[in-house]
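# Secondary and tertiary structure notes
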Amino acid sequence: MIEYDSAARPPRALEELADLRAHASLLRALVARNIKVRYKRSAFGFLWTMLNPALMLVVVSLAFSRAFAATAPAYPAYLFPGLLLWNFFAQTTTMSGEEMAGSDVWKRVRFPKTALAISTLLTGVFNLALGVLPLILILAIARRPLGIALATLPVTIALTAMFVLGASLILATGALYFADVMPVWSMLLPALMFTAPVLYPAAIVPRSVAPWLRLNPMTLYIEAFRAPLYSNTSPDAWSFALMSAIALATLALGWLLFTRSADDIAYRA
Amino acid sequence: MTSPIAHDAAVRLDGISVRYRIALDPHVTLKESIVRWRRRRFVEHVALDDVTLEVAHGEMLGVIGRNGAGKTTLLNVMARVLQPTSGRLRMRGSVSSIIDLLSGFHPELSGRENAYLRGAFLGVSRARMHERIESIEAFADIGRFFDAPLRTYSAGMIVRLAFAVTASVEADILLIDEALGVGDAEFQTKCAARMAEHRARGVTFVIVSHDVARLQASCDRIVWLDQGQIRALGDPVEVVGQYAAAQHST
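Residues numbered from 1 in each chain as written. Chains lettered and ligands numbered in written order. Predicted model: local features only at pLDDT ≥ 70, side-chain atom pairs only at ≥ 80, totals over all residues.

## What about the overall build of chain B?
The condition that has to hold: Put simply, DSSP marks the helices as runs of H or I at least four residues long and the strands as runs of E at least two long, and each gets a number from the N terminus on. Remark: residues whose backbone-derived C-beta atoms lie within 7 Å of one another are considered to be in contact.
Each helix and strand in chain B was counted, giving eight helices and nine strands. Long-range contacts, defined as pairs at least 24 residues apart, comprise 72% of the intrachain contacts of chain B with a sequence gap of at least 6.

## A closer look at the overall build of chain A
Here is the rule we go by: Only C-alpha atoms enter the radius of gyration; for comparison, a globular chain is expected to reach 2.2 Å times N to the power 0.38, where N is the number of residues. Counting other C-beta atoms within 10 Å of each residue's C-beta, where C-beta atoms are placed from the backbone, gives the exposure class: buried for 20 or more, exposed for 12 or fewer, partly exposed between.
Within chain A, the regular secondary structure consists of ten helices and one strand. Put simply, chain A runs from its N terminus to its C terminus through helices and strands in the order β-α-α-α-α-α-α-α-α-α-α. A globule of 269 residues ought to have a C-alpha radius of gyration of about 18 Å, and chain A, at 20 Å, matches this closely. Expressed along its principal axes, the backbone C-alpha trace of chain A runs to roughly 65 × 45 × 35 Å. Expressed as a percentage of its 269 residues, the buried residues of chain A come to 37%. In chain A, 79% of the contacts between residues at least 6 apart in sequence involve partners at least 24 apart.

## A word on the confidence of the model for chain A
Rules: The pLDDT value tells you how sure the predictor is about a given residue, anywhere from 0 up to 100.
Of all residues in chain A, 96% have pLDDT values of 70 or greater, and the mean over the chain is 88. Averaged over each element, pLDDT in chain A is lowest for helix α3 (residues 47-64) of chain A (80) and highest for helix α10 (residues 237-261) of chain A (96).

## Considerations on the sheet that holds strand β6 (residues 173-177) of chain B
All names here are of chain B. Worth spelling out the cut-off: When DSSP locates at least two bridges between a pair of strands, those strands are taken to pair. Only C-alpha atoms enter the line fits that serve as axes; for helices the fit covers just the stretch in contact. Angles between N-to-C directions range over 0 to 180 degrees.
With mixed pairing, six strands are arranged side by side in an open sheet as β5-β6-β7-β3-β8-β9. The open sheet is flanked by β5 (95-98) and β9 (229-234), the only strands paired with a single partner. In this sheet, adjacent strand axes meet at a mean angle of 15° when their direction is disregarded. Note: strand β3 (residues 60-64) against strand β7 (residues 204-208), four bridges, orientation parallel. Residue pairing for β7: Val 63 is matched across the bridge by Val 208.

## Points about the interface of chain A and chain B
For the record, the criterion: We call Asp, Glu, Lys and Arg charged. Ala, Val, Leu, Ile, Met, Phe, Trp, Tyr, Cys and Pro are nonpolar, and the rest, Gly among them, are polar.
Contact residues are listed per partner, giving 34 residues for chain A and 34 residues for chain B. Where the side of chain A that touches chain B is concerned, the elements lending two or more residues are β1 (3-5) and α2 (24-40) of chain A. Here the side of chain A that touches chain B gets nine residues from one element, more than from any other, and that element is α2(A). By residue class, the composition of the side of chain A that touches chain B is 18 nonpolar, three polar and 13 charged. Two strands pair when backbone bridges link them, and β1(A) and strand β4 (residues 86-92) of chain B are joined in this way by three bridges, in the antiparallel orientation. Within the sheet, the bridge partner assigned to A:Tyr4 lies in β4(B) and is B:Met91.

## Some remarks on the packing of helix α5 (residues 114-141) of chain A against helix α6 (residues 153-177) of chain A
Residue and element names in this part refer to chain A. Heads up, the rule is: If you view the pair so one helix is near and one far, a crossing is left-handed when the near helix is turned anticlockwise from the far one by less than a right angle, and right-handed when it is turned clockwise.
The geometry of α5 relative to α6 is characterised by a closest axis approach of 10 Å and an angle of 145° between their N-to-C directions. Note on packing geometry: the crossing formed by α5 with α6 is right-handed. For the pair formed by α5 and α6, the contact residues are Thr 114, Ala 117, Ile 118, Leu 121, Val 125, Leu 128 and Val 132 on the first element and Leu 153, Ile 157, Ala 161, Val 164, Leu 165, Ser 168, Leu 169 and Ala 172 on the second. Within the contact of α5 with α6, the residues separate by chemical class into 13 nonpolar, two polar and no charged.

## A few points about the environment of B:Gln242
Residues and elements named next belong to chain B. Along the chain, the position of Gln 242 falls in helix α8 (residues 236-249). Separated by 94 residues in the primary sequence, Gln 242 and Ala 148 place their C-alpha atoms 48 Å from one another. Sequence-distant contacts of Gln 242, defined by excluding residues within four places in its chain, comprise Trp 224 and Ala 232.

## Description of the nonpolar core
Here is the rule: What makes a nonpolar core is a set of buried Ala, Val, Leu, Ile, Met, Phe, Trp, Tyr and Cys residues, with links drawn between C-beta atoms within 7 Å.
The biggest cluster of nonpolar side chains holds 132 residues, and the ones touching the most others in it are A:Leu165, A:Tyr221, B:Val63, B:Leu175, B:Val206 and B:Val223. If near-sequence neighbours (up to four positions away) are discounted, B:Val63 is found in contact with B:Lys71, B:Leu74, B:Val206, B:Ile207, B:Val208, B:Val223 and B:Leu225.

## Points about α2(A)
Inclusion rule: Helix span, expected: 1.5 Å multiplied by one less than the number of residues in the helix.
When the terminal C-alpha atoms of α2(A) are compared, their 25 Å separation across 17 residues agrees well with the 24 Å that a helix rising 1.5 Å per residue should span. Along α2(A), the positions that sit buried rather than exposed are A:Ser25, A:Leu26, A:Ala29, A:Leu30, A:Arg33 and A:Asn34. The inward-facing, buried residues of α2(A) contact α5 of chain A together with α3 (111-121) and α4 (126-140) of chain B.

## As for the pairing of β6(B)
Residues and elements named next belong to chain B. In terms of burial, β6 is a largely internal element, five of the five residues being buried. Here β6 shows two buried faces, one formed by Ile 173, Leu 175 and Asp 177 and the other by Leu 174 and Ile 176. Two strands pair when backbone bridges link them, and β5 and β6 are joined in this way by four bridges, in the parallel orientation. Counterpart to Ser 97 in the pairing with β6 is Leu 175.

## Remarks on helix α2 (residues 71-78) of chain B
All names here are of chain B. Burial analysis of α2 places seven of its eight residues in the buried class, which makes it a mostly covered element. All of the buried residues along α2 are Lys 71, Thr 73, Leu 74, Leu 75, Asn 76, Val 77 and Met 78. With its phi angle positive at about 60°, Arg 80 sits one or two positions after the end of α2.

## Some thoughts on unusual backbone geometry
The residue A:Arg143 is not glycine, and still its phi comes out positive at about 60°. In this fold, A:Arg143 is placed in the loop between α5 and α6. Look at A:Arg143 and you get exposed, because 7 C-beta atoms sit within 10 Å. Phi at B:Gln227 takes a positive value of approximately 50°, unusual for a residue other than glycine. Along the chain, the position of B:Gln227 falls in the loop between β8 (221-226) and β9. Using a count of 14 C-beta atoms within 10 Å as the deciding quantity, one classes B:Gln227 as partly exposed.

## Overview of the confidence of the model for chain B
All names here are of chain B. Mean pLDDT over chain B stands at 85; residues scoring 70 or higher make up 89%. Mean pLDDT across the elements of chain B bottoms out in helix α1 (residues 30-35) (70) and peaks in β8 (96). Within the model, the stretch residues 1-5 combines pLDDT values under 50 with five contacts to residues more than four positions away or in other chains. ipTM for the predicted complex: 0.82, alongside a pTM of 0.88.

Quick look at the structure:
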């Protein structure tokens with residue numbers, strides 16, 4: 001017999017975990033929904049997902065290949081991994097925030113609200129995987145050096161995903177209280193992209209500015225993600241330690257903030 | 001009014017209050033909140049005021065009252081969608097609610113896919129949904145549309161699908177907001193039959209409705225809410241009589 005007593009509730013952050021376990025099929029159903037809805041009405045299916053990064057890749061490569069020939073030879077191979085991971089970050093945080101702020105399902109049905117963010121994240125990971133596989137194929141055809149360092153990709157993706165989930169939850173918490181958080185975020189995102197070495201090689205940044213790029217956590221994840229794909233090197237242990245620490249801290253903060261305010265949400269019209 | 005609380009109650013509310021703080025000059029943006037922080041003024045709206053109530057296992061409790069009396073808020077609290085401002089809520093048994101019908105549905109997905117999705121929102125496992133899907137399809141009785149996108153449905157078909165999914169959930173406590181209205185007469189008969197099945201299994205019901213006569217006929221007890229407080233609670237005929245008298249006098 002399931003019992004509930006409002007006077008004996010566990011801490012919200014833990015209660016949410018128990019709720020997620022009780023709604024095990026929800027995550028799967030939501031991811032299936034996201035993927036189906038995305039591909040249902042399009043003749044080209046998942047090719048649309050590839051279109052945006054592919055277009056960016058072509059255009060940006062045309063613009064910068066020569067400029068960065070010395071600092072980032074084979075520029076498209078440098079650019080593509082960064083674009084993929086940045087898109088994963090930008091799209092997941094945006095979709096999470098907008099879905100959480102725009103949805104009123106939870107005012108009607110009781111379910112763990114973090115499931116919306118987690119399912120958006122998993123959908124993003126799925127799309128990222130759909131991007132990485134052709135990327136590796138293209139790199140192989142172009143005879144870029146590829147090797148055992150690729151084995152670090154799943155770890156890097158997992159750590160990035162944890163960071164992105166934390167960031168999504170922090171953002172969603174803000175978006176639940178204030179209507180202008182998501183518009184401001186979509187305005188900030190393009191600017192933020194330029195504070196990480198997505199389009200340009202980190203080497204061209206003046207020495208006085210370079211340390212500031214480190215303030216954008218995505219710099220770390222993008223470099224670790226790109227290393228095996230572009231230069232067939234693994235990120236060092238220090239990078240992994242730092243990525244893990246940032247991912248855990250962000251996720252913990254996001255989880256606490258979000259689950260703490262989730263009860264208030266029903267009170268906001 | 002506060003009857004001694006039985007140990008086998010399915011739902012127990014002790015002094016439950018729900019108070020909304022409504023900003024007179026609502027700040028919806030971060031910018032406004034920062035700029036005008038000091039000038040916030042609020043009025044308090046009390047949706048539920050110190051409600052103490054218990055529902056026994058297998059009981060059918062009807063909730064009546066005017067619009068804005070707190071009926072839906074009461075259901076929302078029991079469904080744990082809304083966390084009360086104060087008071088204690090205890091529930092024994094799994095809870096499912098038919099407070100609204102449409103949330104969780106996606107227009108691009110088929111009826112079948114939406115059934116799985118809504119089942120997942122309601123906490124039903126995928127394996128369970130596999131077992132149920134045929135009976136859901138039969139109950140909804142919308143023919144080929146079951147595999148067509150929801151956006152092609154009429155309003156009535158959406159309601160039938162939603163009710164079919166929700167009615168298939170096996171919960172110990174069912175919370176129903178009947179103000180929704182569920183389809184044509186034939187479908188209503190089917191819904192009533194399904195509810196009778198649930199009742200025979202010992203499911204506890206809490207039903208909000210404007211159809212006072214029907215509640216009087218089917219419920220074990222009726223609670224009359226007025227401005228967030230319990231005005232009367234007990235025998236259906238008595239409470240409905242008092243309610244009707246009050247309606248006429250105003």
